[in-house]
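Read off the chains here:
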Amino acid sequence: MAGSDWTTNSSEALTLSLVRAREDKKALRGDESFEEFHPTFTYPIYGEDEKLYGYEDLVIDLRFASGSLAQFLSVRYAKKLDASSTVDNVEGILSEFIPSGYETDEATFLTRVEEDAISFKPIGKLVHSYKLSPRTSTLPVISDTSEAVEYEVYHATLDDPGFKEYHRRMQIFILLYIEAGSYINDEEEGWEFVVLYEKRKRTDGAPTYHFVGYSSLYNFYCFPERVRLRLSQFVILPPYQRRGHGSELYKAIYHYVLSRPTVSELTVEDPAEVFEDLRDRNDLRMLLTHEQFMREGFADSGVTGSHGGGRVMKGKSRSRTQDTPLGNKGKGKMGPPVDRAWAEKWRKDLKIAGRQFHRLVEMLVLLHLDPVDVRAERAFRLQVKERLYRFNFEVLAQLEKEERLEKLEETFQSVRDDYLRILAMVR
């Protein structure tokens, strides 16, 4: 809504819709909605203050065909100032961030939606699939009921016919939902993508595909003849959030990395806190269910699974200490302290980046610590502090010894609390 000064919040004015064909809408439950949701950010498009000037009751209507992502753009308002030199060119600004050729006639767009619903098929290679009941509001569950909806993940590159154009239609979601997100250079080699679709059957049994989210990956050289795959961008659209789709997409990426002999490890570029939690949970679950790893790590002890990573000077942890019951003392390679050669072998086999793997190991050790075993607790504390010291060496080296020890202890306690928070989420 515009204020008395003719200004409008651009994130409130911009409305997004994933539009389905009439026949596809018949398959939806009454509480399923994929239209008229808003972005989290618009400052990459409309400026840091996210304000538009010169309109009353401004609505920026940006719609996508739910599968092909063909676009429709309409700008509506109740009143507009006559002073054209100071009024923001709402459509002109946004048009610089979407491919040319978007529809402006609603009837033409809706015809396109009907046509694309039948003709559109995902580009690339199918790498993962799972099912979820539309009545389920938490994590995906495998189901063979006729009600279950199937989801598929496809791997593609910019060399796949038609994918570069498709990517240019979907990349605006990076600006709208990832803080500090930006477009990649799609003329640069080395980019790969994993795209998640809902595969929904019509009443006649014909399947149609609907965009859910995607992740971009970049290849970096790793001596001598391998590559590191860096997860650069990751987005699930709001109508599909909080249902476990992010975890399924991440697992698809990780298993894809494991399947490629030329990839040495999966890294993540500057992850947001929410994504770090998602990554931690899924990595922990993977390790907890890896029988050989857990057997070697903890021998015959029972198995009952953060993101700050312990960077000094980041302030207090936002986590809360959990009253989490712990298992028995570990007796295998996990120690504490952990057998470093054994851990490094597993890190390479599992293709997990160094800092992330060390954090996961620390969480698992904490899970198995006997709270009355003072020697094990001390060994664990020293193991974590050693990693924190190396990670924060440049900051800590500038401090006097007493202050350095105090800061290390403070950071250790913050990391420990955060580990307990993550472990409680995994159980």
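Here is what the cut-offs are and how they apply
- Residues numbered from 1 in each chain as written.
- Predicted model: local features only at pLDDT ≥ 70, side-chain atom pairs only at ≥ 80, totals over all residues.
- Heavy atoms only, no water.
- Helix = DSSP H or I, 4+ residues; strand = E, 2+ residues; numbered from the N terminus.
- Areas by Shrake-Rupley, 256 points an atom, 1.4 Å probe, with all protein chains shown as cover.
- Polar contact = N/O pair within 3.5 Å; in protein donor to acceptor, adjacent residues only side chain to side chain.
- Expected span 1.5 Å × (residues − 1).
- Buried < 20%, exposed > 50% of the residue type's maximum accessible area, 1.4 Å probe, protein only.
- Contact = heavy atoms within 4.5 Å.
- Pairing = 2+ DSSP bridges.
- Axes fitted to C-alpha atoms, helices over the stretch in contact; angles between N-to-C directions.
- Phe/Tyr/Trp six-rings, centres within 6.5 Å; stacked < 30°, edge-to-face > 60°.
- Left-handed = near helix turned anticlockwise from the far one by under 90°.
- Nonpolar A, V, L, I, M, F, W, Y, C, P; charged D, E, K, R; others polar.
- pLDDT = per-residue confidence, 0-100.

*Asks:* Summarise the overall build of the protein; cite the residues concerned and give the values.
*Replies:* Counting secondary structure elements, the protein contains 15 helices and 13 strands. Within the structure as shown, the protein displays about 21,200 Å² of accessible surface, and the carbon and sulfur contribution to it stands at 48%.

*Asks:* A description of the side chain of Arg421 should follow, citing residues and the corresponding values.
*Replies:* Residue position: Arg421 is located in helix α15 (residues 401–426). A polar contact is formed between the side chain of Arg421 and the side chain of Asp277, at a distance of 3.0 Å.

*Asks:* Please give an account of helix α13 (residues 374–391) that cites residues and values.
*Replies:* Counted at 1.5 Å a residue, the expected span for α13 with its 18 residues is 26 Å, and the 26 Å between its end C-alpha atoms agrees. Among the residues of α13, Ala376, Ala379, Phe380, Gln383, Val384, Lys385, Arg387 and Leu388 are the ones counted as buried. In this fold, the buried residues of α13 make contact with α12 (354–368), α14 (393–396) and α15.

*Asks:* Residues and numbers for the pairing of strand β5 (residues 59–65), please.
*Replies:* A large share of β5 lies buried, amounting to six of its seven residues. Looking at chain direction, strand β2 (residues 14–19) and β5 are connected through six bridges and run parallel. Bridging across to β5, Leu18 finds its partner in Phe64. The sheet contact formed by β5 and strand β6 (residues 71–76) spans six bridges and is antiparallel. Paired with Phe64 across the two strands is Gln71, which belongs to β6. Between the end of β5 and the start of β6, which pair antiparallel, lie five residues, with Leu69 showing a positive phi angle near 65°.

*Asks:* Please give an account of the sheet that holds strand β12 (residues 226–236) that cites residues and values.
*Replies:* With mixed pairing, the six strands of this open sheet are ordered in space as β8-β9-β10-β11-β12-β13. Two strands in the sheet have a free side with no partner beyond their single neighbour: β8 (125–132) and β13 (263–268). Ignoring which end each strand starts from, the neighbouring axes of this sheet average 25° apart.

*Asks:* Describe the sheet that holds β5, and please don't skip the residues or the numbers.
*Replies:* Pairing is mixed in the open sheet, where three strands are placed in the order β2-β5-β6. Since the sheet does not close on itself, it has two edges, and those belong to β2 and β6, each with one partner. If you compare each strand with its neighbour and ignore which way they point, the axes differ by 15° on average. Relative to β5, helix α5 (residues 106–119) is tilted by about 25°, and along the sheet it contacts β2, β5 and β6.

*Asks:* Which residues make up the pairing of strand β9 (residues 149–157), and what are the values?
*Replies:* The buried count for β9 comes to seven of nine residues, which makes it a mostly enclosed element. Pairing between β8 and β9: seven bridges, direction antiparallel. When the bridges of β9 are listed, Leu132 appears paired with Val149. Across eight bridges, β9 lies against strand β10 (residues 191–201) in antiparallel orientation. Considered in β10, the bridge of Tyr154 is made with Val195.

*Asks:* Break down the packing of aromatic side chains for me, with residues and values.
*Replies:* Within the structure shown, the criterion is met by 25 aromatic pairs. Consider the rings of Tyr166 and Tyr197, whose centres lie 6.4 Å apart with planes at 40°: the pair is tilted. Of this pair, Tyr166 sits in helix α6 (residues 163–170) while Tyr197 sits in strand β10, placing them 31 residues apart in sequence. Joined through ring pairs, the aromatic side chains of Phe120, Tyr154, Phe163, Tyr166, Phe193, Tyr197 and Tyr209 make up one cluster.

*Asks:* Explain the side chain of Asn219 to me, using residue names and the numbers behind them.
*Replies:* Residue position: Asn219 is located in strand β11 (residues 207–222). Under the relative-accessibility criterion, Asn219 is labelled buried at 17%. Polar side-chain contacts of Asn219 include one of 2.8 Å to the backbone oxygen of Gly190. Apart from residues no more than four positions distant in its own chain, Asn219 is found in contact with Gly190, Glu192, Val227, Arg228, Leu229 and Arg260.

*Asks:* Hey, could you go over the environment of Tyr197 for me, with residue numbers and the actual values?
*Replies:* Given the relative accessible area of 1%, Tyr197 is considered buried. In this structure, the C-alpha to C-alpha distance between Tyr197 and Phe211, residues 14 residues apart in sequence, is 4.7 Å. Not counting the four nearest positions on each side in its chain, Tyr197 is found in contact with Phe120, Pro122, Ile123, Glu150, Tyr151, Glu152, Tyr154, Tyr166, Tyr209, His210, Phe211 and Val212.

*Asks:* Go over the packing of helix α10 (residues 291–298) against α12, please, and point to the residues and values.
*Replies:* Contact geometry of α10 with α12 gives a least axis separation of 12 Å together with a crossing angle of 60°. Taken as a pair, α10 and α12 cross one another with a handedness that is right-handed. Two secondary-structure elements touch here, α10 through Phe293, Met294 and Phe298 and α12 through Phe357, Leu364, Val365 and His368. In terms of residue class, the contact of α10 with α12 is built from six nonpolar, one polar and no charged.

*Asks:* Run through the environment of Gly332, naming residues and quoting values.
*Replies:* Summarising the element assignment, Gly332 is placed in the loop between α10 and α11 (340–350). Discounting residues that sit within four places of it in the chain, Gly332 has contacts with Glu296, Gly297, Phe298 and Ala299.

*Asks:* An account of the confidence of the model for the protein is requested, with residue identities and associated values reported.
*Replies:* Mean pLDDT for the protein: 90, with 89% of residues reaching 70 or above. Counted against residues more than four places away or in other chains, residues 302–330, with its pLDDT under 50, gives 94 contacts.

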